[in-house]
Amino acid sequence: MPFNLSESPVDKAVEAFAREQILEATRLANQRTEAILADIAARLRPGMTESEARTLANEVFETFRHQGLVKHWHPPKIYFGHHTALSIEAPHPKDDRVLGDRDMAYLDLGPVFSLEGRDIEGDVGRTLVFGDDPVHRHLQATCESLFHQGLAFWKETRPTGVQLYQYLRQEAQNSGVVFNLNPGGHVIGAFPHHRAWRHALSDYPHIPQPGIWILEVQVRHPDLPYGAFYEALLE
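No experiment lies behind these values; they were computed from the predicted model shown.

The rules we used
Residues numbered from 1 in each chain as written. Predicted model: local features only at pLDDT ≥ 70, side-chain atom pairs only at ≥ 80, totals over all residues. Heavy atoms only, no water. Core = buried A, V, L, I, M, F, W, Y, C linked by side-chain atoms within 4.5 Å. Buried < 20%, exposed > 50% of the residue type's maximum accessible area, 1.4 Å probe, protein only. Helix = DSSP H or I, 4+ residues; strand = E, 2+ residues; numbered from the N terminus. Contact = heavy atoms within 4.5 Å. Axes fitted to C-alpha atoms, helices over the stretch in contact; angles between N-to-C directions. Parallel < 35°, antiparallel > 145°, perpendicular 65-115°, else oblique. Left-handed = near helix turned anticlockwise from the far one by under 90°. 1 Å grid on protein atoms, 1.4 Å probe; cavity = no way out; pocket = protein on both sides within 12 Å on 5 of 7 lines; lining within 4 Å. Points joined across faces, edges and corners; volume = space filled by probe spheres on them. Nonpolar A, V, L, I, M, F, W, Y, C, P; charged D, E, K, R; others polar. Salt bridge = Lys/Arg side-chain N within 4 Å of Asp/Glu carboxyl O. Lys, Arg positive; Asp, Glu negative; His and termini not counted. Expected span 1.5 Å × (residues − 1). Polar contact = N/O pair within 3.5 Å; in protein donor to acceptor, adjacent residues only side chain to side chain.

In terms of nonpolar packing, the biggest core is built from 37 residues, with Leu164, Phe179, Leu201, Trp213, Leu215, Val217 and Val219 touching the most fellow members. Those elements giving two or more residues to this core turn out to be α1 (11-20), β2 (103-115), α4 (134-157), α5 (161-174), β7 (213-220) and β8 (227-233). Beyond its immediate sequence surroundings of up to four residues, leucine 201 is in contact with Gly161, Val162, Leu164, Tyr165, Gly184, Gly185, His186, Pro208, Trp213, Ile214, Leu215 and Leu234. Membership of the second largest hydrophobic core comes to 28 residues, among which are Met48, Phe64, Leu99 and Val124.

Running from amino to carboxyl end, helix α2 (residues 23-43) crosses helix α3 (residues 50-62) at an angle of 135°, the nearest separation of the two axes being 10 Å. As the angle between them shows, α2 and α3 are arranged oblique. Seen from above, α2 lies across α3 with right-handed handedness. Judged by residue contacts, Ile36, Asp39, Ile40 and Arg43 of α2 engage Leu56, Ala57, Val60 and Phe61 from α3.

Space inside the largest pocket adds up to approximately 310 Å³. Looking at the largest pocket, it is lined by 18 residues, and the ones nearest its centre are Trp73, Glu89, Gly185, His186 and Glu216. In terms of residue count, strand β1 (residues 69-80) provides more of the lining of the largest pocket than any other element does, 3 residues in total. Here the residues of the lining of the largest pocket sort into 5 nonpolar, 7 polar and 6 charged.

Moving on, we come to the pattern of salt bridges. All chains considered together, the criterion is met by 8 salt bridges. Glutamate 20 serves as the salt-bridge partner of arginine 195, at 3.1 Å between the closest nitrogen and oxygen. Placement of arginine 195 in the loop between β6 (186-187) and β7 and of glutamate 20 in helix α1 is noted, with a sequence separation of 175 residues between them. Judged by relative accessible area, arginine 195 falls into the partly exposed class, the value being 47%. Glutamate 20 gets classed as partly exposed once you look at its relative accessible area, which sits at 37%. The residue arginine 65 makes a salt bridge to glutamate 62 at a minimum N-O spacing of 3.0 Å. Overall, arginine 65 belongs to the partly exposed group, its relative accessible area being 35%.

A few words now on the side chain of arginine 32. Here arginine 32 shows up in helix α2. Buried charge without a salt bridge: arginine 32, with glutamate 116 as the nearest opposite-charge side chain at an N-O distance of 9.2 Å. Contacts of arginine 32, omitting those with residues within four sequence positions, involve Phe64, Gln67, Gly68, Phe113 and Leu115.

So, about α4. In this model α4 runs 33 Å from its N-terminal to its C-terminal C-alpha over 24 residues, within 8% of the 34 Å that 1.5 Å per residue would give. His136, Leu139, Thr142, Cys143, Leu146, Phe147, Gly150, Leu151, Phe153 and Trp154 are the residues of α4 that are buried. Its buried side turned inward, α4 meets β2, β4 (124-130), α5, β7 and β8. Capping the start of α4, aspartate 133 holds a side-chain oxygen 2.8 Å from the backbone nitrogen of valine 135, two or three residues further along. Positive backbone phi, at 50°, marks arginine 158, one or two positions downstream of α4.

On to the environment of isoleucine 188. The residue isoleucine 188 is located in the loop between β6 and β7 in this model. Separated by 171 residues in the primary sequence, isoleucine 188 and phenylalanine 17 place their C-alpha atoms 9.8 Å from one another. Not counting residues within four places of it along the chain, the set of residues in contact with isoleucine 188 comprises Phe17, Thr26, Trp73, Glu121, Gly122, Asp123, His193, Gly211, Ile212, Trp213, Ile214 and Leu233.

Before going further, it helps to examine unusual backbone geometry. Leaving glycine aside, a negative phi is the common case for residues, and trans is the common case for peptide bonds. Residues asparagine 182 and proline 183 are joined by a peptide bond in cis, for which omega reads 5°. Tracing the backbone shows proline 183 in the loop between β5 (178-179) and β6. The omega angle of the peptide bond from phenylalanine 191 to proline 192 is -10°, so this bond is cis rather than trans. Inspection of the secondary structure assignment puts proline 192 in the loop between β6 and β7. Even without glycine at this site, glutamate 116 takes up a positive phi of about 55°.

Given below as structure tokens:
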């Protein structure tokens with residue numbers, strides 16, 4: 001059932017959640033998640049299957065236990081090739097794609113770290129390109145650019161979450177790609193974050209506060225079966 005934008009009292013719960021957060025801990029959790037993603041990305045090789053990549057991701061996670069990693073709020077999501085055209089919200093298909101020499105992939109990681117005596121979520125998503133296919137490179141660059149455009153729009157105009165995603169959809173269309181995420185974005189911080197806001201940032205009818213939201217951008221090519229994903233803190 002779609003969220004009714006006339007229901008506004010939930011923002012009080014978000015504000016209460018925001019007051020409870022230690023923003024430096026959330027930043028640190030996301031910095032460590034970035035480091036995990038970079039480590040996994042450096043180890044991915046053409047010829048590897050998606051399931052092998054997820055196994056690799058879990059092996060890398062184990063090496064971060066000494067940095068406070070305790071669990072996941074969602075398992076690693078890793079998509080290769082034509083699967084990158086699927087929304088991050090879609091169930092993973094049953095076929096196990098192999099990473100090609102000229103290919104693309106996206107990763108979405110959601111580890112939880114013990115920091116400042118609390119369980120703090122990290123959430124990072126990036127697109128990787130293998131080889132020199134110009135379509136792949138364009139999608140990767142466009143997706144990242146849209147994220148930063150959205151970030152600048154939020155800083156300059158202070159839109160609601162709804163307005164922010166309306167802007168991103170229009171900018172994606174202007175860039176010649178299809179915005180491929182609905183809903184998108186979410187609260188981040190102390191685990192679990194759903195007690196603050198069960199819906200997406202794209203449904204949030206108020207101005208999102210810095211440091212407690214994840215901004216997600218996902219696009220796909222209008223004709224070819226490829227897409228890109230990028231997510232990071234809104235701050």
